[in-house]
Amino acid sequence: MHFSPEIEERLERLQEKYEAMGQDMVSYLDGLLHADFLTYWDYIHLDTLLSLQNPKTPFPDEEIFIIYHQITELYFKLAIHECQQITGAQPLTAEFFTLHLKRINRYFEALTQSFGIMVEGMDKEQFLKFRMSLLPASGFQSGQYRLIEIYATDFINLVARDKRGDLKDANIDEQFEYLYWKFGATELSTGKKTLTLKQFEKKYSKTFIELGKASISLNFNALYHQLKNNNQATPQLKNELKQLDINVNVNWPLVHYKSAVRYLNREPDEIKATGGTNWQKYLPPRFQKRIFYPELWTVEEVENWGKGWVESVIEKVDRP
């Protein structure tokens with residue numbers, strides 16, 4: 001049997017590769033000879049993936065709820081994968097930064113556009129019943145979402161709005177105690193932390209603080225200003241950062257707000273969210289004014305952050 005020049009060239013390269021590692025190429029070829037062909041279902045572990053939905057109640061729409069949240073976490077994992085590529089790039093260029101920001105923006109846009117599954121895709125009465133079996137678990141407890149926030153901006157920008165001025169020069173440990181999301185899971189009447197928040201902090205606090213410290217000079221805001229100071233920032237990079245700000249801090253929380261209004265808004269008293277989160281104050285961006293890149297926006301844009309979107313959602317829900 002005669003090999004083509006292409007096969008001979010690749011065999012030589014393989015031989016060089018394995019010799020450099022002190023390995024016997026023939027043994028690896030034997031392994032390849034006996035190995036079965038890879039299948040799609042084995043490669044992505046499809047059977048395992050499809051077995052990970054375990055409803056707590058007999059209501060059919062609970063499975064929709066579980067699957068969509070699992071999909072969300074997989075998108076968050078994709079976003080974190082891109083965050084790690086950006087912060088780990090040596091050297092980081094504006095082109096590389098922009099390319100991977102576009103990927104993150106696409107992930108969040110896909111999630112936002114698909115959120116109708118949660119808003120309109122479940123029976124309201126089923127949801128209001130099966131949700132009571134999930135206490136105190138809450139989507140609030142998504143650790144991956146918090147990691148994305150930490151990668152995206154200076155830690156101070158995640159501090160509650162009324163504490164940012166006082167804590168501007170504080171260290172990460174001090175700022176952590178006043179992160180905005182903690183006040184979304186605090187009992188308004190007593191000021192005590194909900195069980196949801198206590199669970200969340202117990203699992204993730206160390207991880208969040210460590211990443212915050214590691215990202216002081218590597219978060220996206222810091223990296224952008226480093227490129228800008230070296231005259232390497234581009235209009236395209238600025239635009240992608242602004243789009244990320246809108247996707248994460250306006251569009252994503254507001255589709256959750258729209259869902260909460262549909263399922264939890266019941267006059268005269270709103271139904272509490274799972275975990276006791278105060279969704280009326282926690283979700284609307286106009287209350288938190290959480291902005292990753294405040295220097296990229298005008299004073300008027302900051303003042304009206306997310307306001308028009310919230311009003312339009314309320315009008316649609318109230319319309320007969």
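Sequence order as written defines the numbering, with residues in each chain counted from 1. Per-residue local features are limited, in this predicted model, to residues with pLDDT of at least 70; the limit for side-chain atom pairs, both in listing and counting, is 80 or more; totals at the level of whole chains, interfaces and linings are taken over all residues. Heavy atoms from the whole structure form the basis of all side-chain values; hydrogens and water molecules are not counted.

1. As for the environment of E303
We apply this condition: Strands here mean DSSP runs of E at least two residues long; helices mean DSSP runs of H or I at least four residues long; both are numbered from the N terminus. Any residue under 20% of the maximum accessible area for its type is buried, any over 50% is exposed, and the rest in between are partly exposed; the area is computed with a 1.4 Å probe on protein chains only.
When you line up the elements, E303 lands in helix α16 (residues 299–303). Classification of E303 by relative accessible area gives exposed; the value is 52%. Along the chain, E303 and K289 lie 14 residues apart, while their C-alpha atoms are 8.2 Å from each other.

2. Points about a nonpolar patch on the surface
Just so we agree on the cut-off: Patch membership requires more than 30% relative accessible area and the absence of a salt bridge. Residues of like charge join within 9 Å; the nonpolar side chains Val, Leu, Ile, Met, Phe, Trp and Tyr join within 5 Å. For the accessible areas, the method is Shrake-Rupley and the probe is 1.4 Å, while residue cover comes only from the protein chains on display. What counts as a salt bridge is simple: a side-chain nitrogen of Lys or Arg found within 4 Å of a carboxyl oxygen of Asp or Glu.
Together, L38, Y40, W41, Y43 and I44 make up a nonpolar patch on the protein surface, roughly 630 Å² of accessible area in all. Of note, L38 is situated in the loop between α2 (25–34) and α3 (40–43).

3. Remarks on the environment of F59
Applied cut-off: Whether two residues touch is decided by their heavy atoms; if any such pair falls within 4.5 Å, the residues are in contact.
Positionally, F59 belongs in the loop between α4 (46–49) and α5 (61–88). For the pair formed by F59 and Q126, sequence separation is 67 residues and the distance between their alpha carbons is 6.2 Å. When near neighbours in sequence (up to four residues on either side) are disregarded, F59 contacts Q126, K129 and F130.

4. Observations concerning unusual backbone geometry
The step from Q90 to P91 runs through a cis peptide bond, and the omega angle for that step is -5 degrees. The residue P91 is located in the loop between α5 and α6 (94–114) in this model. The amide bond that connects L135 to the next residue, P136, takes the cis arrangement and shows omega of 0 degrees. Notably, H45 is not glycine yet its phi reads approximately 55 degrees, a positive angle.

5. Considerations on the packing of helix α9 (residues 143–152) against helix α11 (residues 195–214)
Here is the rule: Inter-axis angles, ranging from 0 to 180 degrees, are taken between N-to-C directions of lines fitted to C-alpha atoms, where helices are fitted over the stretch in contact. Oblique is the label for any angle not under 35 degrees, not over 145, and not in the 65 to 115 range, which are roughly parallel, roughly antiparallel and roughly perpendicular in turn. Crossing chirality is assigned from the near helix's rotation relative to the far helix, an anticlockwise turn below a right angle marking it left-handed and a clockwise turn marking it right-handed. Each residue is assigned to one class: nonpolar for Ala, Val, Leu, Ile, Met, Phe, Trp, Tyr, Cys and Pro, charged for Asp, Glu, Lys and Arg, and polar for all the others, Gly among them.
Across the interface, α9 lies against α11 with an axial gap of 10 Å and an inter-helix angle of 20 degrees. The orientation of α9 relative to α11 falls into the category roughly parallel. Crossing hand, α9 versus α11: right-handed. Facing G143, R146, L147, I150 and Y151 of α9, the residues of α11 in contact are F200, Y204, T207, F208, L211 and G212. Considered class by class, the residues forming the contact of α9 with α11 number seven nonpolar, three polar and one charged.

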